[in-house]
Amino acid sequence: MLKLLHLSDIHMGSGFSHGKLNPETGLNTRLEDFVNTLSKCIDRALAEPVDLVLFGGDAFPDATPPPYIQEKFASQFRRLVDAQIPTVLLVGNHDQHSQGQGGASLCIYRTLGVPGFIVGDRLTTHHIQTRNGPIQVITIPWLTRSTLLARPETEGLSLAEVNEILIERLRTALEGEIRRLDPKIPTVLLGHLMIDNANLGAERLLAVGKGFTMPLSLLTRPCFDYVALGHVHRHQNLNKSNDPPVIYPGSIERVDFGEEKEEKGYVKIDLQRGKADWEFCPLPARVFRTIKLDVSEANDPQEKLIKAIAKHDIAEAVVRLIYQLRSEQIDQIDSAALHRALSQAHSYTIQPELLSQLARPRLPELGASSATDPMEALTTYLNNRPDLQDISAPMLEAAQRLLSADTEQDWLEVATKTDSSQGQLRLL
C-alpha cells in the first residue's frame, strides 16, 4: 500500500490586492496566507509520512514570478527533499511561457538536479521507486493546439474539426504510454486538463482560448488506479464509480471572490494496484465574504448598511460591501462610519452603485453578476437580435477561432480571413 498526497493550483503570489503589507515581515499578507496553507499540506505529507506527492500544476500566477515568491514556494517543497519524499511537479498553463513552450517556473528544479523532484513538462511515463514500492506516473502537462498540431494542418477546418484531431492525437500518444506500462505496478495519471464534465469555478476565464477540452472517457481506463488532475479550482470527483477516481483537489487558497463559496483542500490517497481509497482534506483558507444590498428605497440607508454589516462575521475575512442607492441619498452615507464598521475585516472594499448610473442590461442573463463565459454571452446576445440572424453563424465561428488562437499571429489570421454572406466581418 502506497500513501500519496495530491494537491494543485497553488498560484502563489496571487491576490495581493486582497491583502496588506505586514510591517513585521515586509510581505503581503495574502502571500503569507498562501505559504501557510501550503505548509499545512507539507505538514500532512511529513506526518503520515506519504510515499509520493503529486502536484497538479499552476505553482504561480505566471511563468516568471519574482525571486522572493519562488523562494517561499521552494522553501516548503524543500522539506519534502529533506524527508526523501519524491515529488512530481506538473506544468500547468500558468507555469508556461506565453507561447506555451515549457514550464519556465518549474524546470529550474530539473536543471538543478533536485533529488526526488520530477518535472512533468511533457507526456511521458515516470517510473518512481518510493520507500514502500514502485509506482508509474504518466504526466500530461497543459496542452495547447500548437503542442499537437502544426498550423498548416488546421487550415480551413472548423473548431470542432480541430478539436477532434487534437483529441485523436492525444489518444494515440496516451495509448503509446499505456502499452509500455507494467500491469503489476500501481499507475497514476497526473494531468493539468480541462475535462468535459468538470464543474468550473473562477478559472473558467483564466485560459479561455488556450488548450482544449478532453472527454472523460479518455481517462477512465482500467490501467489507471488513480487520475490526479489540476486546473479546475473547485474540488470534485468526475467519476463517481471510482474505477478509477478522477479527482480535482481544487486550489489550496481562494484566488478571488469567484471562489468565495468553494471549500479548499488537498487529497490523500491509499493506493495499490487495482484500488485507490481517497479522502479530501479541507484547509483553513482565508474567508471571502460579499455583503450586497439595495438601500435605494430605505428611509435611512446608513442604518441599513450598518445593520447589514453587523449580521456577518467579518473578522479577518476579505470583505466587499456592494450597495445600490439613488444619487439624492449620497449625503446620507457616512463613509467614515462604514470604514469603522468594516475595520475588523482582514481587508475590504466598498462599492457603491448609483441606480441612476447603472446600465440595466437588456438581457437578465447578461447582468453584471453573471458568470457566463464569452461564447455563451455572445450566443445569448445573438439569439436576442433577430436583425443579426443572417450573420450569427459566421460570427460565432469567428469568435470560436479567435478564442482558440494560441498566438497574436493566429488572431490576425483569423480576423482577416473571417467573412460572411454579407461581406467581411471585422472582429478586431
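A quick note: this is a predicted structure, and the numbers were derived from the prediction, not measured. (Residues numbered from 1 in each chain as written. Predicted model: local features only at pLDDT ≥ 70, side-chain atom pairs only at ≥ 80, totals over all residues. Heavy atoms only, no water.)

*Asks:* Whenever I open this one, the side chain of Asp 225 confuses me. Can you help?
*Replies:* Positionally, Asp 225 belongs in the loop between β11 (213-214) and β12 (226-230). With relative accessibility at 5%, the residue Asp 225 sits in the buried group. There is a polar contact of 2.8 Å between the side chain of Asp 225 and the backbone nitrogen of Thr 187. Those residues in contact with Asp 225, other than ones at most four positions away along the chain, are Ile 185, Pro 186, Thr 187, Pro 244, Pro 245, Leu 271, Gln 272, Arg 273, Gly 274, Lys 275 and Ala 276. (Helix = DSSP H or I, 4+ residues; strand = E, 2+ residues; numbered from the N terminus. Buried < 20%, exposed > 50% of the residue type's maximum accessible area, 1.4 Å probe, protein only. Polar contact = N/O pair within 3.5 Å; in protein donor to acceptor, adjacent residues only side chain to side chain. Contact = heavy atoms within 4.5 Å.)

*Asks:* I tried to follow the pairing of strand β18 (residues 318-325) on my own but got confused; where do I start?
*Replies:* Side-chain positions along a regular strand alternate between the two faces of the sheet. Among the eight residues in β18, six count as buried, and that is most of the element. Across seven bridges, the pairing between strand β17 (residues 288-294) and β18 is parallel. Each bridged residue has a counterpart across the sheet, and for Arg 289 the counterpart in β18 is Val 319. This β-α-β element, β17 to helix α6 (residues 301-310) to β18, shows right-handed connectivity. Note: β18 against strand β19 (residues 347-354), eight bridges, orientation parallel. Its bridge partner lying in β19, Leu 321 is registered against Ile 350. Handedness of the β-α-β unit built from β18, helix α7 (residues 335-341) and β19 comes out right-handed. (Pairing = 2+ DSSP bridges. Right-handed = clockwise from strand over helix to strand, strands pointing away.)

*Asks:* Which parts of the structure should I look at to understand helix α5 (residues 159-179)?
*Replies:* An α-helical segment advances 3.6 residues per turn. Residues three or four places apart therefore align on the same side. Compared with an ideal rise of 1.5 Å per residue, which puts 21 residues at 30 Å, α5 spans 30 Å between its outermost C-alpha atoms and is within 8% of the ideal. Every buried residue of α5 is accounted for by Leu 159, Val 162, Leu 166, Ile 167, Leu 170, Leu 174, Glu 177 and Ile 178. Looking down the long axis of α5, one finds its buried residues gathered within 145 degrees of arc, a one-sided arrangement. Those residues of α5 that are exposed and aimed more than 90 degrees away from the buried face are Glu 164, Thr 172 and Arg 179. (Expected span 1.5 Å × (residues − 1). Arc of directions from axis to C-beta.)

*Asks:* Help me understand the packing of aromatic side chains, please; the structure alone is not making it clear to me.
*Replies:* The description of an aromatic ring pair rests on the distance of the ring centres and on the angle between the ring planes. Throughout the structure, instances matching the rule amount to eight aromatic pairs. Judged by centre distance (6.3 Å) and plane angle (65 degrees), the rings of Phe 55 and Phe 73 are edge-to-face. Here Phe 73 lies in helix α2 (residues 67-82) and Phe 55 lies in strand β4 (residues 52-55), a separation of 18 residues in the sequence. Judged on exposure class, the residue Phe 55 and its partner Phe 73 are both buried. Where Phe 77 meets Phe 117, the ring centres are 6.3 Å apart and the plane angle is 90 degrees; that geometry is what we call edge-to-face. Of this pair, Phe 77 sits in helix α2 while Phe 117 sits in strand β6 (residues 117-120), and the two are 40 residues apart along the sequence. The pair formed by Phe 77 and Phe 117 is uniform in burial state, with each residue classed as buried. Joined through ring pairs, the aromatic side chains of Phe 55, Phe 60, Phe 73, Phe 77, Tyr 109 and Phe 117 make up one cluster. (Phe/Tyr/Trp six-rings, centres within 6.5 Å; stacked < 30°, edge-to-face > 60°.)

*Asks:* It is not clear to me how helix α1 (residues 29-47) should be interpreted in this structure. Could you clarify?
*Replies:* Across its 19 residues, α1 extends 27 Å between first and last C-alpha, which sits within 8% of the 27 Å expected from 1.5 Å per residue. Here α1 starts with a cap whose side-chain oxygen sits 2.8 Å from the backbone nitrogen of Arg 30, and that cap is Asn 28.

*Asks:* Sorry if this is basic, but what is going on with the nonpolar core here?
*Replies:* The tendency in soluble globular proteins is for nonpolar side chains to be buried side by side. The biggest cluster of nonpolar side chains holds 35 residues, and the ones touching the most others in it are Leu 7, Ile 10, Met 12, Leu 38, Phe 73 and Leu 106. For this core, the secondary structure elements donating two or more residues are β1 (2-7), α1, β4, α2 and β6. The element best represented in this core is α1, accounting for seven residues. Counting 29 residues, the second largest nonpolar core, distinct from the first, contains Leu 166, Leu 193, Leu 219 and Val 246. (Core = buried A, V, L, I, M, F, W, Y, C linked by side-chain atoms within 4.5 Å.)

*Asks:* Would you explain the sheet that holds strand β15 (residues 265-272) in this entry?
*Replies:* In any sheet, the strands associate via hydrogen bonds between backbone groups, in a parallel or an antiparallel arrangement. Taken in spatial order, the six strands line up as β6-β5-β4-β1-β15-β16 in an open sheet, and their pairing is mixed. Looking at strand neighbours, the two that pair on one side only are β6 and β16 (275-282), the edges of this open sheet. On average, each strand axis in the sheet is tilted by 20 degrees relative to the strand beside it, whichever way the strands run. Along the sheet face, α1 touches β1, β4, β15 and β16 and points at about 175 degrees away from the line of β1. Set on the sheet, α2 makes contact with β4, β5 (87-90) and β6; between it and β5 the angle comes to about 145 degrees. (Axes fitted to C-alpha atoms, helices over the stretch in contact; angles between N-to-C directions.)

*Asks:* I'm lost on the pairing of strand β8 (residues 133-140) in this one. Help?
*Replies:* In terms of burial, β8 is largely enclosed, as seven of its eight residues are buried. Alignment of strand β7 (residues 124-130) against β8, held across seven bridges, turns out to be antiparallel. Bridging from a neighbouring strand, Gln 129 pairs with Pro 134 of β8. Both β8 and strand β9 (residues 187-192) contribute to a ladder of five bridges, which runs parallel. When the sheet's bridge partners are listed, Val 137 is paired in β9 with Val 188.

*Asks:* Teacher, can you tell me more about the pattern of salt bridges here?
*Replies:* A side chain of one charge can pair with a side chain of the opposite charge if their charged atoms are brought near each other. Enumeration over the complete set of coordinates arrives at 21 salt bridges. The partner of Asp 121 in a salt bridge is Arg 110, and the shortest N-O contact between them spans 2.6 Å. In this pair, Asp 121 is assigned in the loop between β6 and β7 and Arg 110 in helix α3 (residues 108-111), connecting sequence segments 11 residues apart. The class of Asp 121 is partly exposed, set by a relative accessible area of 24%. Residue Arg 179 pairs with Glu 175 through a salt bridge whose shortest N-O separation is 3.9 Å. (Salt bridge = Lys/Arg side-chain N within 4 Å of Asp/Glu carboxyl O.)

*Asks:* How should I be thinking about the packing of α1 against α2 in this particular structure?
*Replies:* Relative placement of two packed helices is described by the angle separating their axes and the distance separating the axes. With their axes 9 Å apart at the nearest point, α1 and α2 run at an angle of 10 degrees to one another. The orientation of α1 with respect to α2, classified from their angle, is roughly parallel. As α1 packs across α2, the resulting crossing turns out to be right-handed. Contacts between α1 and α2 involve Leu 31, Val 35, Leu 38, Ser 39, Ile 42, Asp 43, Ala 45 and Leu 46 from the former and Tyr 68, Ile 69, Lys 72, Phe 73, Gln 76, Phe 77, Arg 79 and Leu 80 from the latter. (Parallel < 35°, antiparallel > 145°, perpendicular 65-115°, else oblique. Left-handed = near helix turned anticlockwise from the far one by under 90°.)

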